[in-house]
Amino acid sequence: MKNKYRAKAISPANIAFIKFWGKKDPLINLPFNDSISMNLSNCFTATEVEFSPRYKRDRVFIDGREVQDEKLVRVVKILDLVRKRAKKKLFVKIVSKNNFPSDAGIASSASAFSALALSASKAAGLSLPQKELSILSRLGSGSASRSVVDGFAEWRKGKDGQTSYAIQLAPPDYWNLADIVAVVDKGKKIAGSTEGHKAALSSPYFKARLVELKTRIPAMKKAFLKRDLEEFGRLLEEEAVSLHVCAMTSKPPIFYWKKGTFEVVEAIFKMRERGVSVYFTMDAGPNVHAICLQKDSNRIRKIFNKLPGVLFTIINKPCLGSRLVK
Ligand code: PMV
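The structure displayed is predicted, hence computed values, not measured ones. As a convention, each chain's residues are numbered from 1 in the sequence order in which they are written. For a predicted model such as this one, the threshold for reporting local features is a pLDDT of at least 70, and the threshold for listing and counting side-chain atom pairs is 80 or more; totals across whole chains, interfaces and linings nevertheless cover every residue. The side-chain quantities take in all heavy atoms of the structure and omit both hydrogens and water.

**Remarks on the site of the ligand**
Turning to step 1, where the next piece is worked out: The full set close to the ligand counts 14 residues, and Phe20, Ser141, Ser143, Arg146 and Ser193 are the nearest of them.
Turning to step 2, where the next piece is worked out: Think of a polar contact as two N or O atoms within 3.5 Å of one another; within protein, one of them needs to be a possible hydrogen donor and the other a possible acceptor, and neighboring residues in sequence only count if both atoms come from side chains. Note that an oxygen atom of the ligand is positioned 2.9 Å from one of the side-chain N or O atoms of His197.
Turning to step 3, where the next piece is worked out: Note that accessible areas follow from Shrake-Rupley with a 1.4 Å probe, and for residues the cover is restricted to the protein chains shown. Protein contact buries 95% of the 380 Å² of open area that the ligand shows by itself.
Turning to step 4, where the next piece is worked out: Two domains each provide a minimum of three residues to the shell around the ligand, namely domain 1 (6-172) and domain 2 (177-316). A single heavy atom is enough: if one lies within 4 Å of a molecule or strand, its residue is considered near that molecule or strand. By convention here, the domain bounds are inherited from an automatic or database domain assignment.

**Description of the packing of aromatic side chains**
Turning to step 1, where the next piece is worked out: Any two rings among Phe, Tyr and Trp, with Trp reduced to its six-membered ring, count as a pair given centres within 6.5 Å; such a pair is stacked if its planes are under 30 degrees apart, edge-to-face if over 60, and tilted if neither. Enumeration over the complete set of coordinates arrives at twelve aromatic pairs.
Turning to step 2, where the next piece is worked out: Where Trp175 meets Phe232, the ring centres are 5.3 Å apart and the plane angle is 70 degrees; that geometry is what we call edge-to-face. Of this pair, Trp175 sits in the loop between β9 (165-170) and β10 (177-183) while Phe232 is found in helix α7 (residues 229-248), placing the two residues 57 residues apart along the sequence. Pair check on accessibility: Trp175 and Phe232 agree, each one buried.
Turning to step 3, where the next piece is worked out: Ring centres 5.0 Å apart and planes at 55 degrees place the aromatic pair Trp257 and Phe262 in the tilted group.
Turning to step 4, where the next piece is worked out: The buried label applies to any residue whose accessible area, calculated with a 1.4 Å probe on protein chains only, is under 20% of its type's maximum; exposed applies above 50%, and partly exposed to all values in between. Residue Phe262 is classed as partly exposed on the basis of its relative accessible area of 46%.
Turning to step 5, where the next piece is worked out: What links up through ring pairs into an aromatic cluster is the set Phe17, Phe152, Tyr174, Trp175, Phe224 and Phe232.
Turning to step 6, where the next piece is worked out: We call a charge positioned above a ring when the Lys NZ or Arg CZ atom is no farther than 6 Å from the ring centre and deviates by at most 35 degrees from the ring normal. When the ring centre of Tyr174 is taken as reference, the NZ or CZ atom of Arg227 above it lies at 4.0 Å. Labels follow the DSSP assignment, with helices taken as runs of H or I lasting at least four residues and strands as runs of E lasting at least two, numbered in each case from the N terminus.

**A closer look at the sheet that holds strand β13 (residues 312-316)**
Sheets are built from strands paired through backbone hydrogen bonds, the pairs being either parallel or antiparallel.
Turning to step 1, where the next piece is worked out: By definition, two strands form a pair when at least two bridges between them are found by DSSP. The strand order across the open sheet built from four strands is β11-β12-β10-β13, with neighbouring strands paired in antiparallel fashion. Each of the sheet's edge strands pairs with one partner strand only, and the pair in question is β11 (278-281) and β13. Each adjacent strand pair in this sheet contributes to an overall mean axis angle of 25 degrees, direction not counted.
Turning to step 2, where the next piece is worked out: Contacting β10, β11 and β12 (288-293), α7 crosses the sheet at an angle of about 25 degrees to β11.
Turning to step 3, where the next piece is worked out: Contacts were defined at the residue level, with two residues in contact if any of their heavy atoms lie within 4.5 Å. To get an axis, a line is fitted to the C-alpha atoms, and for a helix only the part in contact is used. The angle between two axes follows their N-to-C directions and goes from 0 to 180 degrees. Packed on one face of the sheet, helix α9 (residues 297-305) meets β10, β11, β12 and β13 and runs near 165 degrees to β13.

**Side note on the state of the cysteines**
Turning to step 1, where the next piece is worked out: Disulfides are defined in this document as cysteine sulfur pairs within 2.5 Å. Throughout the structure, instances matching the rule amount to zero disulfides.
Turning to step 2, where the next piece is worked out: You can see Cys43 has no disulfide; the closest cysteine sulfur is in Cys319, sitting 9.1 Å from it.
Turning to step 3, where the next piece is worked out: Cys43 gets classed as buried once you look at its relative accessible area, which sits at 0%.

**A few points about a positive patch on the surface**
Turning to step 1, where the next piece is worked out: Positive charge collects at one region of the surface, where Lys24, Lys157, Lys159 and Lys214 lie side by side.
Turning to step 2, where the next piece is worked out: Among the secondary structure elements, Lys24 is positioned in strand β2 (residues 23-25). Excluding any residue in a salt bridge, patches collect residues exceeding 30% relative accessible area, merging like charges within 9 Å and nonpolar Val, Leu, Ile, Met, Phe, Trp and Tyr side chains within 5 Å. Think of a salt bridge as a Lys or Arg side-chain nitrogen and an Asp or Glu carboxyl oxygen that are within 4 Å of each other. Charge assignment: positive for Lys and Arg, negative for Asp and Glu; neither His nor the chain ends contribute. For the purpose of locating charges, the reference atoms are NZ of Lys, CZ of Arg, CG of Asp and CD of Glu.

The following block contains the structure:
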């Protein structure tokens, strides 16, 4: 018999062009600044949720392994909100799979929590509008708020829990950009984003970053809407460096960059000298995201794949946000 308390959703990871770094309210993941991102077509999480009286506790399996501890606590926090809203007291079984190697050092929390918000709410019988889904996803992981939206997203920081959510900046086909992830390190990050967000506030440059963002955000939106890759790329790199300067000057400092990170960045500079439009950004980790036009992505990837520090590459295009699957 068909279980009516079951639903499956897929959701992409996203790369932040303007980053969420530092939490104004860590309990509800309120950011200090707006952020902007692109969904990644080849970095997905698929999550199936089933509520049933047969289950005696919540069980969560990610890529075939049952999760415990802190990860489970974060998932249960979202489930409890869904149960409260749907007035359901049942436990769940969750089976979640990433289509990208889960040890690739690519942030999976955005795809994971946005897929969870959609599948869990639907399985509980709720049909939440996009705004509510973005808020629910944000409570799991801030960046997940952006994966709900199709294509390119803008997460408005808002004033409180109810006004902080993502909206669409442009649909996936607005700009034929590609994001080539050059994976240089697959190991566990030296500091997770939760730790990084906390440390950010101790950097003397954090305040300067917020001041800079007042002009960088509108400038980037303008360059984006004009599809001006040169200006967009300049701001993209400035923004990534700004995050990493804050991380490197936090107390204690966090150095995410590795030898391979420099190799890829140098290769990008060299390509630009030869007239190829490609720019870098990085999240809280050593892997480099190279942003370029889709028509250039294969030849750029070939250059990355020849670098000794590059383990493998993943090419992404902008894509739809969270959605239900049969
Ligand atoms: O959503 P979190 O808490 O994992 O934070 C994401 C932090 C960055 O990836 C570095 C930036 C961003 O906006 O995605």
